[in-house]
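# Structural overview
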Amino acid sequence: MTTSFGTTTGTLTPTDPKIRFQSFTGLKSSNSIALTRNLRVFPLPFCTPTLIRAVSTPLKPETSTAEPKRSKVEIFKEQSNFIRYPLNEEIYTDTPNINEASTQLIKFHGSYQQYNRDERGTRSYSFMLRTKNPGGKVPNQLYLTMDDLADQFGIGTLRLTTRQTFQLHGVLKKDLKTVMSTIIRNMGSTLGACGDLNRNVLAPAAPFMTKEYKFAQETAENIAALLTPQSGFYYDVWVDGEKFMTSEPPEVVKARNDNSHGTNFPDSPEPIYGTQFLPRKFKIAVTVPTDNSVDILTNDIGVVVVFDEDGEPQGFNIYVGGGMGRTHRQETTFPRLGEQLGYVPKGDILYAIKAIVATQRDHGRRDDRKYSRMKYLISSWGIEKFRNVVEQYYGKKFEPFHELPEWEFKSFLGWHEQGDGASFCGLHVDNGRIGGKMKKTLREVIEKYNLNVRITPNQNLILCDIRSAWRRPITTVLAQAGLLHPRYVDPLNLTAMACPAFPLCPLAITEAERGIPDILKRVRAVFEKVGLKYSESIVIRVTGCPNGCARPYMAELGLVGDGPNSYQIWLGGTPNQTQLARTFMNKVKVQDLEKVFEPLFYYWKRKRQPKESFGDFTTRMGFEKLHELVVKWEGPVQSPVRYNLKPFADKETYEAMEELAKLQNKSPHQLAMEVIRNFVAAQQNG
């Protein structure tokens, strides 16, 4: 059954004897979602003495009495009393783990249940907590709190994620409420960091004080606020109903409450999400032209601010349909780049975002979670149909996409001026893992100078608001802890990323975070062997499974776990993350990686065009030719070395030549070469 889009819109005044509101009783899902909305009747006192816009969607007659197929998670959501039950009871039981329904529901609260896969026998359960930090912003107080919690209740480390958030690993069930409430009471939140709803909204992490960057970050924060759950389940479970909501901009409240085009469930505690929330996770990123630090095309929605010649924001270009997750050997699952939806004026962005979310909510698949991301809906419908449906929720036509300049990857590492007299320092953190001396030193610096922090989408950290007088002492103490200026870090490491994988991720097939340091060293050794310079680099990303959390499908060289100690190799991404990589080889054992790397890098060195990146080279050469080169590879061909003659076969000859050379004020080698040339000339002259 498909959804009916015919709507009847009416304006009801307080003099009406009864007011009708829509009630949402739960999405019933099949390939196309059937919506069932009943009309409930309330007496007049329920109504506020203002004009109310009510939109009713006519019910289509049922064509079958069979219940549409839904995934188990959909049932859990429907029966949860808006993501409360049975989690609110399970967290108090004596067991170290929680039941199946609660395991799904706790994701909406920002946590995953995990166990140590290195251990055999009895499972040691713990929980990973993920914060939600729009644009990667972390206030000083929250950073220090997370640092404390990692030591007191975690495994002693903090993890920076590819979506600009913290992950805290190793929290025991008995400590969950303490840790959650502590984060909430110290300017933080984990609400919606996981689960079937909008995840953390990305934005460039650099704290530039320019109009462009400030507006992009403000937009990201407003979108995050718009799509934050409203039913209070998070605070009910972790702080006994105490509210810690910050004040919201009036434009956010207005956009959330607007139901002019049927986007909302007016009598629901969740006006946008309803009882079922979204079919799967939903990812949004905001950026400015040229700055692709956020991997803009990998998101369900990519928002790009469009400015006039004076730098004033005018509106937004919108991409839709990006996503990385896939399943091995199932070609019906795939990574996908976002494509152009259109342009909206700056005052309409929240309404456009809500229209896109409502389209995915009502039409995304809920029967099979492998196909529940919005990219599959757009791939099935095509962009034109998707745009037409979104426009019905938006109430307007999208304007044509505005032309954009070329994208660039920007890491923001090293020292930069903010534009307000202060500086910021971008620090490279291998795989985003903060621990040991690095963690202790960062704590001391951030606490001593009262610094705010930002997390980048490449798992790095930015220290903000640094006065000029602090720059030298901060640089010195950071270097002593191994946090070096980027010019002292191997270029391969600067752009590399890996997901956590083993030992805690239940989906991991092979190593990623623990394996990538050795892989990068081996790549560097191959570079040296085939004659590539130290300054040369490629984008390498490694994941332990095909879900693609470190976005390997955008890398020039992506390694995706596809078996014990083996990887699927992806090639063809670009340094600015605008081209999708493709599968090159399957099930390459970790000990055999050089057999693939050596020929690829050798021929890149010798056959590339001027300034051609490795990713562009592999695309131009074609995978068939590259396969042939790999299969036939027998090692680098040693070119004859010119002018590298060794005329001295023994020490005695060298010493004798040295004495003669001194008499002529020459080196032994110079004299020897003269003798050889004279001898050859004499022979040639007969």
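Higher on the page you've got the structure.
Residues numbered from 1 in each chain as written. Predicted model: local features only at pLDDT ≥ 70, side-chain atom pairs only at ≥ 80, totals over all residues. Heavy atoms only, no water.

A word on the packing of aromatic side chains. The tally for this structure, following the rule as stated, stands at 27 aromatic pairs. For the ring pair phenylalanine 215 and phenylalanine 316, a centre distance of 5.7 Å and an interplane angle of 20 degrees mean the geometry is stacked. In this pair, phenylalanine 215 sits in helix H6 (residues 211-226) while phenylalanine 316 sits in strand S12 (residues 313-320), placing the two residues 101 residues apart along the sequence. For the pair formed by phenylalanine 215 and phenylalanine 316, the shared burial category is buried. An angle of 70 degrees between the planes, with centres 5.4 Å apart, marks the rings of tryptophan 604 and phenylalanine 614 as edge-to-face. With a gap of ten residues between them, tryptophan 604 in helix H16 (residues 593-607) and phenylalanine 614 in helix H17 (residues 614-621) connect regions that are remote in the sequence. Like tryptophan 604, the residue phenylalanine 614 is buried in the burial classification. Each residue in the set Phe527, Phe597, Phe601, Trp604 and Phe614 is aromatic and connected to the rest through ring pairs, giving one cluster. Above the ring of tyrosine 115, the side-chain terminus of arginine 123 is found at 4.0 Å from the ring centroid. (Phe/Tyr/Trp six-rings, centres within 6.5 Å; stacked < 30°, edge-to-face > 60°. Helix = DSSP H or I, 4+ residues; strand = E, 2+ residues; numbered from the N terminus. Buried < 20%, exposed > 50% of the residue type's maximum accessible area, 1.4 Å probe, protein only. Lys NZ or Arg CZ within 6 Å of the ring centre and 35° of its normal.)

Turning our eyes to something else, we now look at the packing of helix H9 (residues 349-363) against helix H11 (residues 383-394). For the pair H9 and H11, the least separation of the axes is 8 Å and the interaxial angle reads 115 degrees. Between H9 and H11 the crossing geometry is right-handed. Contacts between H9 and H11 pair Tyr351, Ala352, Ala355, Ile356, Ala358, Thr359, Arg361, Asp362 and His363 from the former with Phe386, Val389, Val390, Tyr393 and Tyr394 from the latter. When its residues are assigned to classes, the contact of H9 with H11 shows ten nonpolar, two polar and two charged. (Axes fitted to C-alpha atoms, helices over the stretch in contact; angles between N-to-C directions. Left-handed = near helix turned anticlockwise from the far one by under 90°. Contact = heavy atoms within 4.5 Å. Nonpolar A, V, L, I, M, F, W, Y, C, P; charged D, E, K, R; others polar.)

Attention shifts here to the sheet that holds strand S6 (residues 125-130). Adjacent strands of a sheet form backbone hydrogen bonds with each other and so pair up, either parallel or antiparallel. Across the sheet, five strands lie side by side as S5-S6-S9-S8-S16; this open sheet has antiparallel pairing. Whereas interior strands pair on both sides, the edge strands pair on one side only; in this sheet they are strand S5 (111-115) and strand S16 (433-434). When S5 meets S6, the two strands line up antiparallel, connected through five bridges. What sits directly across from tyrosine 112, in S6, is methionine 128. Set on the sheet, helix H5 (residues 176-184) makes contact with S5, S6 and strand S9 (166-171); between it and S6 the angle comes to about 10 degrees. (Pairing = 2+ DSSP bridges.)

What follows deals with the sheet that holds strand S15 (residues 423-427). Read from one edge of the open sheet, five strands run S7-S17-S18-S15-S14, paired in antiparallel fashion. Edge positions in the open sheet fall to strand S7 (137-138) and strand S14 (414-417), since each of these has one partner strand only. For S14 and S15, the ladder comprises four bridges, and the chain directions are antiparallel. Residue pairing in the sheet places histidine 416 in a bridge with phenylalanine 424 of S15. Contacting S14, S15 and strand S18 (461-466), helix H13 (residues 471-480) runs over the sheet at an angle of about 160 degrees to S14.

At a minimum axis distance of 10 Å, the contact between H16 and H17 shows a crossing angle of 90 degrees. Between H16 and H17, the angle falls in the class roughly perpendicular. For the pair H16 and H17, the contacting residues are Leu600, Phe601, Tyr603, Trp604 and Lys607 in the first and Phe614, Phe617, Arg620 and Met621 in the second. (Parallel < 35°, antiparallel > 145°, perpendicular 65-115°, else oblique.)

In this section: helix H4 (residues 140-152). The terminal C-alpha atoms of H4, which comprises 13 residues, lie 19 Å apart, in line with the 18 Å expected from a rise of 1.5 Å per residue. Inspection of H4 places Asn140, Leu142, Tyr143, Leu144, Thr145, Met146, Asp147, Leu149 and Ala150 among the buried residues, and these make up the whole buried set. (Expected span 1.5 Å × (residues − 1).)

Of the two faces of strand S20 (residues 540-543), the one carrying Ile540 and Val542 and the one carrying Arg541 and Thr543 are both buried. In the sheet, strand S19 (residues 497-498) pairs with S20 via two bridges, with the strands oriented parallel. Its bridge partner lying in S20, alanine 498 is registered against valine 542. Of the crossover connections in this fold, the one passing from S19 over helix H15 (residues 516-530) to the parallel S20 is left-handed. Note that S20 and strand S21 (residues 557-563) share four bridges and pair parallel. (Right-handed = clockwise from strand over helix to strand, strands pointing away.)

Attention now moves to the environment of serine 126. Checked against the element boundaries, serine 126 lands in strand S6. Residue classification places serine 126 among the buried residues on the basis of a relative accessible area of 7%. Each C-alpha atom of the pair serine 126 and proline 96 lies 7.6 Å from the other, and the pair is 30 residues apart in sequence. Residues contacting serine 126, with those up to four places away along its chain left out, are Tyr112, Gln113, Gln114, Gly170, Val171 and Leu172.

Take the pattern of salt bridges next. Counted according to the given criterion, the structure contains 43 salt bridges. Aspartate 148 serves as the salt-bridge partner of arginine 443, at 2.7 Å between the closest nitrogen and oxygen. Here arginine 443, found in helix H12 (residues 436-448), pairs with aspartate 148, found in helix H4; they are 295 residues apart in sequence, far enough to count as distant. Of the residues examined, arginine 443 reaches a relative accessible area of 16% and is grouped as buried. We classify aspartate 148 as partly exposed; its relative accessible area is 29%. (Salt bridge = Lys/Arg side-chain N within 4 Å of Asp/Glu carboxyl O.)

A separate point is H12. With 13 residues, H12 ought to run about 18 Å at 1.5 Å a step, and its terminal C-alpha atoms sit 19 Å apart, in line with that. If you check which residues of H12 are buried, you get Met438, Lys439, Thr441, Leu442, Arg443, Val445 and Ile446.

Phe386, Leu442 and Leu463 are the most contacted members of the largest nonpolar core, which totals 112 residues. Among all residues touching leucine 442, those that are not within four sequence positions of it are Tyr143, Leu427, Ile434, Leu461, Leu463, Leu478 and Leu483. Residues Leu557, Leu559, Val596 and Tyr603 belong to the second largest nonpolar core, which totals 42 residues. (Core = buried A, V, L, I, M, F, W, Y, C linked by side-chain atoms within 4.5 Å.)

Turning to the side chain of arginine 541, a few remarks are in order. Here arginine 541 is to be found in strand S20. Among the polar contacts made by the side chain of arginine 541, one reaches the side chain of aspartate 295 at a distance of 3.0 Å. (Polar contact = N/O pair within 3.5 Å; in protein donor to acceptor, adjacent residues only side chain to side chain.)

In this section: unusual backbone geometry. Note the cis peptide between tyrosine 85 and proline 86, where omega equals 5 degrees. Within the secondary structure layout, proline 86 lies in the loop between helix H1 (72-78) and helix H2 (87-90). In this structure, proline 503 follows phenylalanine 502 across a cis peptide bond, with omega equal to 10 degrees. Summarising the element assignment, proline 503 is placed in the loop between S19 and H15. The phi torsion at arginine 551 lies on the positive side, around 55 degrees, for a residue other than glycine. Examined against the element boundaries, arginine 551 turns out to sit in the loop between S20 and S21.

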